[in-house]
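Each chain, written out:
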Amino acid sequence: MSETWLETLVTPDPQAGYELAVKLARVAVKMTQPDAGMRDDLRKVYEADADSLIAVSAVVATHFQTIAAANGYWK
């Protein structure tokens, strides 16, 4: 990914912030494993694994925490 896709962490509200957190997690996976076929194969493994799904939630929560701080917690 060479183009700039993340201009800012500032979002209008918490919902948009959470959606950005999910996007950050997804982009990280895509950058780490650029082969779409391999990602599809791996998804079959982790989509039924509770520990993997909990780990994804933790990553999104960490991103959301960063975004919330960047937005002054939308005060």
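Residues numbered from 1 in each chain as written. Predicted model: local features only at pLDDT ≥ 70, side-chain atom pairs only at ≥ 80, totals over all residues. Heavy atoms only, no water.

Locating asparagine 71 in the fold gives a position in the segment after helix 3 (50-70). With relative accessibility at 12%, the residue asparagine 71 sits in the buried group. At 2.9 Å, the side chain of asparagine 71 forms a polar contact with the backbone oxygen of leucine 9. (Helix = DSSP H or I, 4+ residues; strand = E, 2+ residues; numbered from the N terminus. Buried < 20%, exposed > 50% of the residue type's maximum accessible area, 1.4 Å probe, protein only. Polar contact = N/O pair within 3.5 Å; in protein donor to acceptor, adjacent residues only side chain to side chain.)

Turning to helix 1 (residues 14-32), a few remarks are in order. Think of an α-helix as 3.6 residues a turn; residues three or four steps apart then line up on the same face. Taking 1.5 Å per residue, 19 residues should reach 27 Å; helix 1 reaches 27 Å between its end C-alpha atoms and fits that length. Considered for burial, the residues of helix 1 that qualify are Ala16, Gly17, Leu20, Ala21, Leu24, Ala25 and Val27. Buried residues along helix 1 sit in contact with helix 3. Its side-chain oxygen placed 3.2 Å from the backbone nitrogen of glutamine 15, aspartate 13 serves as the N-cap of helix 1. (Expected span 1.5 Å × (residues − 1). Contact = heavy atoms within 4.5 Å.)

Attention now goes to the layout of surface pockets. Taking a probe equal in size to a water molecule and rolling it over the atoms shows the remaining empty space. The volume enclosed by the largest pocket comes to roughly 540 Å³. Around the largest pocket, the lining is made up of 17 residues, and of these Ala25, Arg26, Val29, Arg43 and Tyr46 lie nearest the centre. Counting residues per element, the ones that place at least two in the lining of the largest pocket are helix 1, helix 2 (36-46) and helix 3. The dominant element in the lining of the largest pocket, judged by the number of residues it contributes, is helix 1, at seven residues. (1 Å grid on protein atoms, 1.4 Å probe; cavity = no way out; pocket = protein on both sides within 12 Å on 5 of 7 lines; lining within 4 Å. Points joined across faces, edges and corners; volume = space filled by probe spheres on them.)

Evaluation of the coordinates by the stated rule reveals two aromatic pairs. Between tyrosine 18 and phenylalanine 64 the ring centres are 5.7 Å apart and the planes differ by 65°, which places this aromatic pair in the edge-to-face class. Of this pair, tyrosine 18 sits in helix 1 while phenylalanine 64 sits in helix 3, and the two are 46 residues apart along the sequence. Judged by its relative accessible area of 25%, phenylalanine 64 is partly exposed. Consider the rings of phenylalanine 64 and tryptophan 74, whose centres lie 5.7 Å apart with planes at 20°: the pair is stacked. Taken as a pair, phenylalanine 64 in helix 3 and tryptophan 74 in the segment after helix 3 lie far apart in primary sequence, 10 residues in all. Aromatic rings pair up to connect Tyr18, Phe64 and Trp74 into one cluster. (Phe/Tyr/Trp six-rings, centres within 6.5 Å; stacked < 30°, edge-to-face > 60°.)

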